[in-house]
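A structural walkthrough
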Amino acid sequence: MAQSAVPAVPASDAAVTPVPLRELAPWAVFTGVLMLVLLYFVGAEQGATALFEGETVHEWLHDGRHLLGFPCH
Ligand SMILES: [Zn+2]
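Scoring rules and cut-offs
- Residues numbered from 1 in each chain as written.
- Predicted model: local features only at pLDDT ≥ 70, side-chain atom pairs only at ≥ 80, totals over all residues.
- Helix = DSSP H or I, 4+ residues; strand = E, 2+ residues; numbered from the N terminus.
- Buried ≥ 20, exposed ≤ 12 C-beta atoms within 10 Å, placed from the backbone.
- pLDDT = per-residue confidence, 0-100.
- Expected span 1.5 Å × (residues − 1).

**Looking at the overall build of the chain**
For the chain, the helix and strand inventory stands at three helices and zero strands. Seen through its principal axes, the chain has C-alpha atoms that stretch 65 × 35 × 20 Å. A total of 73 residues make up the chain; the buried ones form 1% of that total.

Given below as structure tokens:
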């Protein structure tokens with residue numbers, strides 16, 4: 001008899017319990033805010049809207065800006 005690499009799991013232990021939306025929502029909001037902050041830094045952190053002086057942040061994100069098609073130079 002061929003032996004499987006995947007250990008056998010009794011059907012009663014293999015039940016998948018869905019994560020309730022109420023527990024998922026705060027993480028979804030947190031991730032959304034994080035993504036918006038990232039989008040801000042890649043897309044708008046320059047010139048009049050810049051939070052940090054100088055070109056450092058702009059230069060760090062320059063390739064991402066061009067990759068995503070944001071107007072740059
Ligand atoms: Zn550029």
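**Focus on the confidence of the model for the chain**
Keep in mind that low pLDDT regions are not for reading the predicted coordinates in detail. Of the residues in the chain, 95% reach a pLDDT of 70 or more, and the chain-wide mean stands at 83. For the chain, the element scoring lowest by mean pLDDT is helix α2 (residues 56-60), at 80; helix α1 (residues 21-43) scores highest, at 92.

**Re α1**
Taking 1.5 Å per residue as the helical rise, α1 with its 23 residues ought to reach 33 Å, and the 31 Å between its terminal C-alpha atoms agrees with that figure. Of all 23 residues in α1, zero are buried, a share of ten percent or less.

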